[in-house]
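Observations on chain architecture
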Amino acid sequence: MANKKSTRKDNGTGTIVQRADGRYMGKIMMGYTPEGKPNCLYVYGKTEAEAKRKLKAKIQVYNDSRGIITESVSVKKWFTTWLENVMKPTLKPKSYEAKARCIEKFIIPKLGGIKVNEVTTEDIQGLINDLVEQGYSYSQIQKVYNTIGQRYRLAIQQQRATFNPTVGVHLPRQLKEKENNTVTALTKDEAKLLIKRAREKYENGTPIYPRGDLIVLLLQTGMRVGEALALQWSDINLEEKYISITKNLVTVKNEDKTKINPQTKKPFATTTIIQDTPKTSHSNRKIPI
């Protein structure tokens, strides 16, 4: 793509070039790499002033970091590679699925086309503000913020980045306070009523709610649904009267395309698996009965 306009700036400030697509590119050579190749910094902006500002900031970061440059690849490629090579082998299936959804649904659509070394705090703040306007919860917005920060912190540790653009981003604290205020628990009377209804039977003795006892079990033990569904008889100690929580049943995206839904004749969208650990390490416990 041919350049339209080139403006030489003062020594040490680089060159600003207007591209054929209308954007402005800032460029400056900062010596040479150990291999003898030119060591160049690049930035892009919608206006000449924006490109100049970004280039000045990048030169400052470069000088402060003694020459370490963030990888010049797209955010989409950078996060996708990290997701597959680092996150997938180390996370539980459900956690991996949540991380993948966060990256693919929220981060890539907004930032995917930007180079990693060009992402600014303003870019991240803009993403956060968009999610607020779209009505997403504080917890979901925080996951997006944390995922971006986690990726950049790892890159800084590996000396592949010099700047974490999430630093200085403001999260919607008003949403956090609203969520905290909406958390409620059943009163004793409500709990008694729930147990009574869960155990109701028809005149012939058949339970009205086939899984009513499961509801009572969850209420009286505090187990998560996935923990209860993963229980086996070996987890129940009737002599010492306790239940061991050591695993968790989760629903995840079905990656096995050979599992066909007989009704739709297509692969199942989801599948259930039993994870050999509960949601967190602290969830391993014995519940007295």
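A short tour of the structure in this document, coming up. Every residue gets a number counted from 1 within its own chain, in the order that chain's sequence is written. Totals for whole chains, interfaces and linings use all residues, but because this is a predicted model, local features are given only for residues with pLDDT of at least 70 and pairs of side-chain atoms are given and counted only at 80 or more. Note: side-chain values were computed over all heavy atoms of the structure, leaving out hydrogens and water.

Here we take up the overall build of the chain. Only runs of H or I of at least four residues qualify as helices and only runs of E of at least two qualify as strands under DSSP, and these elements are numbered from the N terminus. Helix and strand counts for the chain stand at nine helices and 11 strands. Burial classes follow relative accessibility: with a 1.4 Å probe on protein chains only, a residue under 20% of its type's maximum area counts as buried, one over 50% as exposed, and anything between as partly exposed. In the chain, buried positions account for 34% of the 289 residues. In this analysis, two residues are considered to be in contact whenever any of their non-hydrogen atoms come within 4.5 Å of each other. Considering only contacts in the chain between residues 6 or more positions apart, those separated by 24 or more positions represent 50%. Each accessible area is a Shrake-Rupley result for a 1.4 Å probe, and residues are judged covered by the shown protein chains and nothing else. As presented, the chain carries roughly 18,900 Å² of accessible surface, and 52% of it is formed by carbon and sulfur atoms.

To continue, consider the sheet that holds strand E11 (residues 285–288). Strand pairs in the sheet, formed through backbone hydrogen bonds, run parallel or antiparallel to each other. Reading across from one edge, E5-E6-E11 is the order of the three strands in this open sheet, with antiparallel pairing throughout. Edge positions in the open sheet fall to strand E5 (236–237) and E11, since each of these has one partner strand only. Across two bridges, E5 lies against strand E6 (residues 242–245) in antiparallel orientation. Residue pairing across strands places asparagine 237 opposite tyrosine 242, the latter belonging to E6. Whether two strands pair comes down to DSSP finding at least two bridges between them.

A word on a nonpolar patch on the surface. On the surface, Leu186, Leu194, Ile215 and Leu219 cluster together to form a nonpolar patch covering roughly 300 Å² of accessible area. Among the structural elements, leucine 219 can be located in helix H8 (residues 212–221). Within this analysis, patches are made of residues with over 30% relative accessible area and no salt bridge. Like charges are joined at 9 Å or less; nonpolar side chains (Val, Leu, Ile, Met, Phe, Trp, Tyr) at 5 Å or less. Whenever a carboxyl oxygen of Asp or Glu lies within 4 Å of a side-chain nitrogen of Lys or Arg, that contact is scored as a salt bridge.

Below, the discussion takes up the nonpolar core. By convention a nonpolar core is built from buried Ala, Val, Leu, Ile, Met, Phe, Trp, Tyr and Cys residues, the set being connected through side-chain atoms within 4.5 Å. Phe79, Ile107, Val144 and Ile148 are the most contacted members of the largest nonpolar core, which totals 29 residues. Sorting the residues of this core by element identifies helix H2 (75–90), helix H3 (93–111), helix H4 (121–133) and helix H5 (138–157) as the ones contributing at least two each. Non-local contacts of isoleucine 148, meaning those with residues more than four positions away in its chain, are made with Phe79, Ile107, Leu111, Ile124, Leu127 and Thr166.

Aromatic contacts are taken between Phe, Tyr and Trp rings whose centres are within 6.5 Å, Trp giving its six-membered ring; a plane angle under 30 degrees counts as stacked, one over 60 as edge-to-face, and the others as tilted. This structure, assessed with the given rule, holds four aromatic pairs. Residues phenylalanine 106 and tyrosine 136 carry aromatic rings whose centres are separated by 5.0 Å and whose planes lie at 90 degrees to one another, so their mutual orientation is edge-to-face. In this pair, phenylalanine 106 is assigned in helix H3 and tyrosine 136 in the loop between H4 and H5, connecting sequence segments 30 residues apart. With relative accessibility at 4%, the residue phenylalanine 106 sits in the buried group.

Attention now moves to the pairing of E6. Residues Tyr242 and Ser244 of E6 are buried on one face, and the alternating residues Ile243 and Ile245, pointing to the opposite face, are buried as well. Relative to E11, E6 runs antiparallel, the two sharing four bridges. Its bridge partner being in E11, isoleucine 243 is matched across the sheet by isoleucine 287.

For lysine 241, which is not glycine, the phi dihedral falls at a positive 60 degrees. Along the chain, lysine 241 turns up in the loop between E5 and E6. The exposure class of lysine 241 is exposed, given its relative accessible area of 52%. Unusually for a residue other than glycine, lysine 265 sits at a positive phi of about 65 degrees. With respect to the helices, strands and loops of the structure, lysine 265 is situated in the loop between strand E8 (260–261) and strand E9 (266–267).

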